[in-house]
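In case you want the letters, here they are:
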Amino acid sequence: MWQRGAVTDSAPLDVDLALLGGGGAASLLLAALDRHGVRGLRIAVVDPVRRRGQDRTWAFWGQPGTDLDPLLSASWQQVEVATTARRRVLDLTPLRYAMLRSGPVYDRAAAAERRLDATRIVAPAETVTDDGARVLVRTGDGRAVRAAWVLDSRPRPPARAGRTTWLQHFRGWWLAAERPVFDPARAVLMDFRTPQPRRGVSFGYVLPVSDRYALVEYTEFSPDLLTDAGYDAALAGYRDLLGLDPAGLRVREVENGVIPMTDAPFPVRPSPRVVRLGTAGGATRPSTGFTFSAMYRQADQVARALAAGRPPVPQAAYPRRHRWMDAVALRALDRGGVSGPEFFDRLFDRNPAERVLRFLDGGTTPAEEVAIMNSTRLLPMIAATAGDAAHRVRDRLRPPRPAPAVPPAVVGDTVGAKPGTPPVG
């Protein structure tokens, strides 16, 4: 709960900076503060969990040669995009597609936290009260922190309901094979040969670490989640589509997740001295669910600002025109004006791969975006644009509707099982 009001407390811990949440966004921020030489700030990290180990995997594209390189599990210069009609191999030069697991990110953040001499409070932040001069954070165990600035990366719903609200939801198996079955030189970025849902988009992808070990994942963009059995059935079907023999595979780990895909607003600065980061701060791209690159940029911008003595407020995660294009694309997909496989296939067919990836990351110029828009089917996108404009007018004339909460991921118990036998299916 966020409140506005006077700050009154007898003995709070006084700090310059309080980080609420300790996941990916906070971990990247701690590392960025250390990397940019921010010293002398009193910092508190408030989170009920000490993050460590492999609890998630991020995939992103960008230029090689960053500080993340030593942490990567794998990277690929070539990726594959497949539809029922064809399989296309894309050269990403000068970019690369990369995979980063959470363990090294958490380890680096823990080392940075020690060097920054930060105070860690292992408890949830219950209330955040901003009076415009200081922010009082009360924790679930009765403690209080008073901060000049609060950087809040906890999951939060948007400020109001969106015109279109989907979810990116997925399950992935880390598969260990008894013999070489994967191509470690090439990742599968999107494989649309999976059965498509009645309303939404589905695809599989493969991120190989070696010729015997890879993350194989099934993803849907749609309004509703599947059941536990539904995810396993979809993954088993994709495994079979890849021609992988379940008798020679073992599931070492399982990853599940749900990410919002919506044109609803996520305000970066809900009050004068509270700044939101990560998905809560708009880092998730509405049309794809990709989050990591924007989250990394936010952390870097905040650290640079603090190092220069400026307020720790990052730029918007994506240009306003990109958020508008995402809203139109989501509407066209949701109303059935375009099919997901066709939409993405046309993008990659009619543009250089690196341009599409930079567009999806918010890094293209207006001229490049005109070429991107010309790649799509014109009439359905015009209809979606008109519908979006009419919906925006209606939104101005009626009270804002509350946004639905993002549901938790459906979690099953398949670790150590052989695909093809219960419960993996």
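Summary of the structure given here.

Criteria and thresholds
Residues numbered from 1 in each chain as written. Predicted model: local features only at pLDDT ≥ 70, side-chain atom pairs only at ≥ 80, totals over all residues. Heavy atoms only, no water. Helix = DSSP H or I, 4+ residues; strand = E, 2+ residues; numbered from the N terminus. Rg over C-alpha atoms; globule rule 2.2 N^0.38 Å. Buried < 20%, exposed > 50% of the residue type's maximum accessible area, 1.4 Å probe, protein only. Contact = heavy atoms within 4.5 Å. Areas by Shrake-Rupley, 256 points an atom, 1.4 Å probe, with all protein chains shown as cover. Lys, Arg positive; Asp, Glu negative; His and termini not counted. Charge placed at Lys NZ, Arg CZ, Asp CG, Glu CD. 1 Å grid on protein atoms, 1.4 Å probe; cavity = no way out; pocket = protein on both sides within 12 Å on 5 of 7 lines; lining within 4 Å. Points joined across faces, edges and corners; volume = space filled by probe spheres on them. Nonpolar A, V, L, I, M, F, W, Y, C, P; charged D, E, K, R; others polar. Phe/Tyr/Trp six-rings, centres within 6.5 Å; stacked < 30°, edge-to-face > 60°. Lys NZ or Arg CZ within 6 Å of the ring centre and 35° of its normal. Pairing = 2+ DSSP bridges. Axes fitted to C-alpha atoms, helices over the stretch in contact; angles between N-to-C directions. Parallel < 35°, antiparallel > 145°, perpendicular 65-115°, else oblique. Left-handed = near helix turned anticlockwise from the far one by under 90°. Polar contact = N/O pair within 3.5 Å; in protein donor to acceptor, adjacent residues only side chain to side chain. Patch = residues over 30% accessible without salt bridge, like charges linked within 9 Å, V, L, I, M, F, W, Y side chains within 5 Å. Salt bridge = Lys/Arg side-chain N within 4 Å of Asp/Glu carboxyl O.

A look at the overall build of the protein
Okay, so step 1: On a plain count of helices and strands, the protein comes out with 9 helices and 18 strands.
Okay, so step 2: Whereas a compact globule of 425 residues would reach a radius of gyration of roughly 22 Å, the protein reaches 22 Å, a difference of no more than 12%.
Okay, so step 3: Dimensions of the protein, computed from the C-alpha atoms along their principal axes, are close to 65 × 55 × 40 Å.
Okay, so step 4: When each of the 425 residues of the protein is scored for burial, the buried share is 54%.
Okay, so step 5: At a minimum sequence separation of 6, the contacts of the protein that also span at least 24 residues come to 77%.
Okay, so step 6: Accessible surface computed for the protein: about 17,900 Å², of which carbon and sulfur atoms make up 53%.
Okay, so step 7: One finds the centroid of the 58 positive side-chain charges in the protein at a distance of 5 Å from the centroid of its 45 negative side-chain charges.

Considerations on empty space enclosed by the protein
Okay, so step 1: Evaluated as defined, the whole model comprises 2 cavities of 30 Å³ or more.
Okay, so step 2: Looking at the largest cavity, its volume works out to about 70 Å³.
Okay, so step 3: Together, Ser27, Leu28, Ala31, Ala32, Arg35, Asp67, Leu68, Leu71, Val105, Arg108, Tyr296 and Ala299 line the largest cavity.
Okay, so step 4: Those elements that place two or more of their residues in the lining of the largest cavity are α1 (24-35), α2 (102-115) and α4 (292-307).
Okay, so step 5: Looking at the lining of the largest cavity, the element that brings in the most residues is α1, giving 5 residues.
Okay, so step 6: A per-class count over the lining of the largest cavity returns 8 nonpolar, 1 polar and 3 charged.
Okay, so step 7: Roughly 40 Å³ of volume is contained in the second largest cavity.
Okay, so step 8: Contributing to the lining of the second largest cavity are Ala59, Phe60, Trp61, Phe290, Thr291, Phe292, Ser293, Ala294 and Asp361.

Side note on the packing of aromatic side chains
Okay, so step 1: By the definition in use, this model includes 12 aromatic pairs.
Okay, so step 2: A cation over a ring is seen here: arginine 285 above tyrosine 318, with NZ or CZ 5.2 Å from the ring centre.
Okay, so step 3: Over the ring of phenylalanine 359 we find arginine 285, and its NZ or CZ is 5.1 Å from the ring centre.

Description of the sheet that holds strand β4 (residues 57-62)
Okay, so step 1: Reading across from one edge, β4-β8-β5 is the order of the 3 strands in this open sheet, with antiparallel pairing throughout. Since the sheet does not close on itself, it has two edges, and those belong to β4 and β5 (74-76), each with one partner. On average, each strand axis in the sheet is inclined to that of its neighbour by 20°, with strand direction left out of account.
Okay, so step 2: Note: β4 against strand β8 (residues 96-101), 6 bridges, orientation antiparallel. Note on β8: the bridge partner recorded for glycine 62 is arginine 96.
Okay, so step 3: Of the strands in this sheet, β4 and β8 are in contact with α4, which crosses β4 at around 80°.

Let's talk about the packing of α1 against α2
Okay, so step 1: Here α1 crosses α2 at 50°, and the two axes come no closer than 8 Å. The orientation of α1 relative to α2 falls into the category oblique. Like other packed secondary-structure pairs, α1 and α2 cross with a definite hand, here left-handed. Mapping the contact onto sequence places Ser27, Leu28, Leu30, Ala31 and Asp34 in α1 and Val105, Tyr106, Arg108, Ala109, Ala112, Glu113 and Arg115 in α2.
Okay, so step 2: For the contact of α1 with α2, a count of residues per class yields 7 nonpolar, 1 polar and 4 charged.

What about the side chain of arginine 163?
Okay, so step 1: Within the fold, arginine 163 resides in the loop between β12 (144-152) and β13 (165-177).
Okay, so step 2: Look at arginine 163 and you get buried, because its relative accessible area is 9%.
Okay, so step 3: A distance of 2.9 Å separates the side chain of arginine 163 from the side chain of aspartate 388, its partner in a polar contact.
Okay, so step 4: Each residue touching arginine 163, except ones within four places of it in the same chain, is listed here: Asp263, Ala327, Arg335, Asp388, His391, Arg392 and Asp395.

Description of the environment of leucine 277
Okay, so step 1: Residue position: leucine 277 is located in the loop between β18 (274-276) and α4.
Okay, so step 2: Linking leucine 277 and aspartate 334, residues 57 residues apart in sequence, is a C-alpha distance of 27 Å.
Okay, so step 3: In this structure leucine 277 touches Ala25, Leu29, Leu151, Asp152, Ser153, Gln298, Val302 and Pro314, once residues within four positions along its chain are discounted.

Some points on a nonpolar patch on the surface
Okay, so step 1: Judged by side-chain polarity, Trp324, Val370 and Met373 come together as a nonpolar surface patch covering roughly 260 Å² of accessible area.
Okay, so step 2: By the secondary structure assignment, tryptophan 324 is in helix α5 (residues 320-334).

Focus on the pattern of salt bridges
Okay, so step 1: Scanning all chains against the criterion turns up 40 salt bridges.
Okay, so step 2: Two residues, aspartate 388 and arginine 163, come together in a salt bridge whose shortest N-O distance is 2.9 Å. Of the two residues, aspartate 388 sits in helix α9 (residues 378-397) while arginine 163 sits in the loop between β12 and β13, which places them 225 residues apart along the sequence. Per residue, the accessibility class of aspartate 388 equals that of arginine 163, and both read buried.
Okay, so step 3: A salt bridge links aspartate 334 to arginine 199; the nearest nitrogen and oxygen atoms lie 2.7 Å apart. With aspartate 334 in helix α5 and arginine 199 in the loop between β14 (186-191) and β15 (201-210), this pair connects stretches of sequence that are 135 residues apart.
Okay, so step 4: Note on arginine 199: relative accessible area 36%, which makes it partly exposed.
Okay, so step 5: Each of Arg163, Asp263, Asp388, Arg392, Asp395 and Arg398 takes part in a single network of salt bridges with overlapping partners.

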